[in-house]
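Observations on chain architecture
The residues making up each chain are set out below.
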Amino acid sequence: AYIGKWHMGENNDEPRPGFDFWMSHRGQGNYFDIEFNVNGTRRRFPGYYTTVVTGAAVDWIRHPHPKPWLMVLGQKAPHGGPIQPEPRFAQALDGFPIRKPVNYDNHSVADGKPAWLSESLKTWHGSQGPLYGLQAHDRLVRAYLATLLSVDESVGRVYEALRASGQLDRTVIVFTSDNGFVLGEHGRVDKRTAYEARLRIPLIIRHPGLGGAGMIVSNLVLNLDLAPTLVDFAGAPALRGTQGRSLRPLMQGRRPRWRESFLYEYNYEEQFPYTPNVRALRTDRWK
């Protein structure tokens, strides 16, 4: 099953091959009252995005599944367009102190930065641009974080549905993101550069049969490792021609030979002319 944000093809919400259940929408979607394509039929679902897709995911988990299954739940939050918390969480962080990053103003040639960084300050990807400059830094960050309160609750609802249906301890749960996001670092509000704030993403895996609770793996793990890992967990033959590797040995506490660096690439997009081509080589200590 695929439920939620797909966002590959702005105007294409048609069911993709490989899924028995499909519930997605055109583009990045809105936070409220969005039209979903459910197995080929479009209809509008009233309510907040996170709540709607979580409800659909919980319903699907509760259905009987005679075969092993995989479900992908794609949240919109905390993506912008604009950032809109669920109303009940809109003021939840009003008393939480928000400070500008220490490198907020570190974006000039004099600071050793490329010229385009300062030149993009007043664009969509800069801290003085229309996306960022429409509201104060603290209000933007609070709204961004408040959307994640709904996601946090969503994870709990999915977890509880698995527990209540007796499937929790035979289900692998993977929590991750497609990218990091800078919230003022180096005068940016974007995800396209190789700065550390956007290069690092969360990755939490719960596998009842592997590793111990709270195990932390510090190896250089990439999102391209996820597919080989899930295929390995499913007991299927290893994927051929992929650069990713199964994380199973790391989760078992073993120390296999592992990558010591990786290449980061961003290719200039005409519709987002505020960031040029970016190339970076990242090791465990340097970039």
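1. Describing the sheet that holds strand E2 (residues 22-24)
Spatially, E4-E3-E2-E1-E5 is the arrangement adopted by the 5 strands of the open sheet, whose pairing is mixed. Edge positions in the open sheet fall to strand E4 (41-48) and strand E5 (72-74), since each of these has one partner strand only. Between one strand axis and the next, the sheet turns by 25° as a mean value, whatever way the strands run. Bridging between strand E1 (residues 2-4) and E2 involves 2 bridges; their strand directions are parallel. In the strand pairing of E2, Ile3 is matched with Met23. Packed onto the sheet, helix H1 (residues 49-62) meets E1, E2, strand E3 (32-38), E4 and E5 and runs at close to 120° relative to E4.

2. Some words on unusual backbone geometry
Along the chain, Ala77 connects to Pro78 via a cis peptide bond; the corresponding omega equals 5°. Within the secondary structure, Pro78 is located in the loop between E5 and helix H2 (115-119). Its identity as a non-glycine residue notwithstanding, Asn39 has a phi of 55°, on the positive side.

3. Observations regarding the nonpolar core
Counting 21 residues, the largest nonpolar core has Ile3, Phe21, Met23, Phe36 and Met71 as its most contacted members. Looking at this core, the elements that each hand over two or more residues are E3, H1 and helix H3 (137-164). Ranked by residue count, the leading element in this core is H1, at 8 residues. In this structure, Leu220, Leu222, Val278 and Ala280 belong to the second largest nonpolar core, which totals 9 residues.

4. Some words on the environment of Pro101
Within the element layout of this structure, Pro101 appears in the loop between E5 and H2. It is 22 Å that separates the C-alpha atoms of Pro101 and Arg282, two residues lying 181 residues apart in sequence. Those residues in contact with Pro101, other than ones at most four positions away along the chain, are His137, Leu183, Gly184 and Glu185.

5. Considering the side chain of Arg198
Along the chain, the position of Arg198 falls in helix H4 (residues 196-199). Salt bridges are absent for the buried Arg198, whose nearest opposite-charge side chain, Asp190, sits at 7.1 Å. At 2.3 Å, the side chain of Arg198 forms a polar contact with the backbone oxygen of Lys191. In terms of polar contacts, Arg198 uses its side chain to reach the backbone carbonyl oxygen of Thr193, at 2.8 Å.

The rules behind these values
- Residues numbered from 1 in each chain as written.
- Predicted model: local features only at pLDDT ≥ 70, side-chain atom pairs only at ≥ 80, totals over all residues.
- Heavy atoms only, no water.
- Pairing = 2+ DSSP bridges.
- Helix = DSSP H or I, 4+ residues; strand = E, 2+ residues; numbered from the N terminus.
- Axes fitted to C-alpha atoms, helices over the stretch in contact; angles between N-to-C directions.
- Contact = heavy atoms within 4.5 Å.
- Core = buried A, V, L, I, M, F, W, Y, C linked by side-chain atoms within 4.5 Å.
- Buried < 20%, exposed > 50% of the residue type's maximum accessible area, 1.4 Å probe, protein only.
- Lys, Arg positive; Asp, Glu negative; His and termini not counted.
- Salt bridge = Lys/Arg side-chain N within 4 Å of Asp/Glu carboxyl O.
- Polar contact = N/O pair within 3.5 Å; in protein donor to acceptor, adjacent residues only side chain to side chain.

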